[in-house]
Amino acid sequence: MLIRNQRSHRLSVACLKDRRAAIIGEHSVSPEKLRCALSAITTNEGWDSFVSTTSGSFHLLVSDSGHLRAYGSAYGTCRLYYAWHSGSILVSDRSFLLAVATQATVNPSVLSTYLIESPPFRLAEQPLWNGVMPVPPGHAIALRHSGTAPTIRRWREYGVGGHLDTPRAADAVRKALTSAVEARLAAYSSVSSELSGGYDSTSITAIASRCTEHLIGHTTAGRDPLNEDMHWASLAVQELSGIEHDVMAPHDHALFFDRILEEAVPLDEPSIATAGAARVMGVYRRLRARGSSLHLTGHGGDQLFTHLAVTLQDNFRRKPLLGSRRALQAASYGNWPLRDLAQVFMDQRSFRSWWAAEAQKLNVDDNQPRPLLGWGVRPRVAPWVARSVVCQLQNKIATDLAAQGPLAPTRAENLRLEFIFNGIRLGRALSQMATSIDLTLSTPFYDDDVIDSALSVDQISTYSTTGYKPLLAAAMSGITPDRILTRKTKDDGSIDLVQGLVNNAQGIRSLFADSYLEQMGLIDAKALRRTLKNAAHPSLDDGAIFATLACEMWVRTYATYSQQ
């Protein structure tokens, strides 16, 4: 039995004797095309190829003589989970639903991983609920009528080892991104698109404006008088056709930490999106009121196209003279301290030894901005995390994570994949928030073929110390207005963050007066409440409060739903 819980997703079904197939999500596959595939494909490898060559973001289910195979996506935009219930196996794209259906208990040890500001991908892949198992990205799950344990099979590798020059990679990005946007539009009569005036959202909007007669371009005006989004978004609207520009005034946009309890939405995992739930839900409700059922976003552009400083280290190994020159240029451009520049040349630690060393600094208070030159994002936890939990996390990182090995052979490729997976997790949380009001939030940059095309470039030979997203700029030349591709700034909403924390500190303190995390032994809530008495406390400068709040609200929401 197939149950669809989001009406706005496109569902195509095909039947042929005792074989059936269904594809659900954001795609352009008609029932007729799916029936042709069902007639022609008879092997796992054939369906692997079908999923790989179909644009969009979707799940595919294939039933053949009582055997069921289910596919998500290679990088995790579309996930699968499974759980045993009354002797049968349930499979879903939402782990939260499986947990509620099976009355699963939360695993505190895994939950503690999310107290790390940017949890490493492999640690975040552990099951948050006892008995609810994630199917890893790039894997398919196969079930039999006999009720035996499911088979998990890898069908797709990650696209690392890029070797194309910029022109060829840009051509691949342009084709993949255009197909990704086009695949979504056929099933929706009213579409909106994020339009901040930056490279990412404007590129998506520009492609969509070519494919639909009417498009709502949404811009949220910033409170910061130096915010440039409105200026650049207005320029884009002037040069793109068929766009109705919807502008949300600053005073209509919620602050971070506003209405945290009221805006709680069940999520598959704790997410930093929780702190801004009122902000995004305000935008989503506004767009639904204007009739939009599909909202396109530029999420993922930063993770795919921003140059990584750690590439300089790989550059130095391959071409020492060129690598040295680029490192000096980057240090001058980024105002890096000389000791950080020296790391580009001197730090030869393996994945295992790097993470083992970083584990020991897990609770070290260090807010100094430094270029990312390691195998991952430096893990940090807040000072109010229980000491016993810090020790457990240090052991997880130093032993479990280090023993699993990297996602890719080089630091730059591994860090890039970490960014992509972290971004996809955030995108999924935002999508689940939008789903609660029957709005499809779309992230074309996170489609498998778009990610592969972005990773196809030789990052070392094409590294630029001054250019901003040169691969995306080359790919969108002639589609995104030229003036937009000259923009070098990016607004971060920091005023909304600071003011939101000041305004809501007392409310957050009250939330942690009866903390679920403290009851689980994960944090010292009294220490957190003391810190929140001073909204300007250094411990609140980084993402630690986001991570803690995400975990608290996630477990509270599950407790509420599981008791209903």
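Up top is the structure these notes are about.
Residues numbered from 1 in each chain as written. Predicted model: local features only at pLDDT ≥ 70, side-chain atom pairs only at ≥ 80, totals over all residues. Heavy atoms only, no water.

A. Representation of the sheet that holds strand S14 (residues 440-442) within the structure. Strand order in the open sheet made by the five strands is S12-S11-S10-S13-S14, with parallel pairing throughout. Bordering the open sheet on either side are strand S12 (243-248) and S14, each of which pairs with just one other strand. Adjacent strand axes in the sheet meet at a mean angle of 25 degrees, parallel and antiparallel pairs treated alike. Direction of pairing for strand S10 (residues 191-194) relative to strand S11 (residues 215-220): parallel, over a ladder of four bridges. Within S11, the residue paired with Ser192 across the bridge is Ile216. Each of S10, strand S13 (294-296) and S14 touches helix H6 (residues 166-185); the most contacted strand, S13, lies at about 165 degrees to it. (Pairing = 2+ DSSP bridges. Helix = DSSP H or I, 4+ residues; strand = E, 2+ residues; numbered from the N terminus. Axes fitted to C-alpha atoms, helices over the stretch in contact; angles between N-to-C directions. Contact = heavy atoms within 4.5 Å.)

B. The nonpolar core, seen in detail. The biggest cluster of nonpolar side chains holds 74 residues, and the ones touching the most others in it are Leu111, Trp129, Phe257, Tyr284, Trp384, Met433 and Ile523. Looking at this core element by element, the count peaks at nine residues for helix H22 (residues 544-562). Excluding its chain neighbours within four sequence positions, the residues that come into contact with Ile523 are Leu115, Trp384, Val385, Ala386, Phe512, Ser515, Leu517, Glu518, Leu528 and Thr548. The next biggest cluster of nonpolar side chains, apart from the first, holds 71 residues, and it includes Ile41, Ala208, Leu417 and Ala475. (Core = buried A, V, L, I, M, F, W, Y, C linked by side-chain atoms within 4.5 Å. Buried < 20%, exposed > 50% of the residue type's maximum accessible area, 1.4 Å probe, protein only.)

C. Representation of the pattern of salt bridges within the structure. According to the stated counting rule, one finds 29 salt bridges in the structure shown. Measuring nitrogen to oxygen at the nearest pair gives 2.8 Å for the salt bridge that ties Asp268 to Arg94. Remark: Arg94 occurs in the loop between strand S6 (88-92) and helix H3 (95-102) and Asp268 occurs in the loop between S12 and helix H9 (277-289); sequence separation between them is 174 residues. As far as the burial class goes, Asp268 and Arg94 line up, both buried. (Salt bridge = Lys/Arg side-chain N within 4 Å of Asp/Glu carboxyl O.)

D. Broad picture of helix H1 (residues 31-40). When H1 is considered as a whole, its buried residues turn out to be Leu34, Ala37 and Leu38. The buried residues of H1 all sit within an arc of 100 degrees when viewed along its axis, so they share a single face. Residues of H1 that are exposed and angled more than 90 degrees away from the buried face: Glu32, Cys36 and Ala40. Lining the buried residues of H1 we find strand S1 (10-16), strand S2 (19-26), helix H2 (44-52) and strand S3 (57-64). (Arc of directions from axis to C-beta.)

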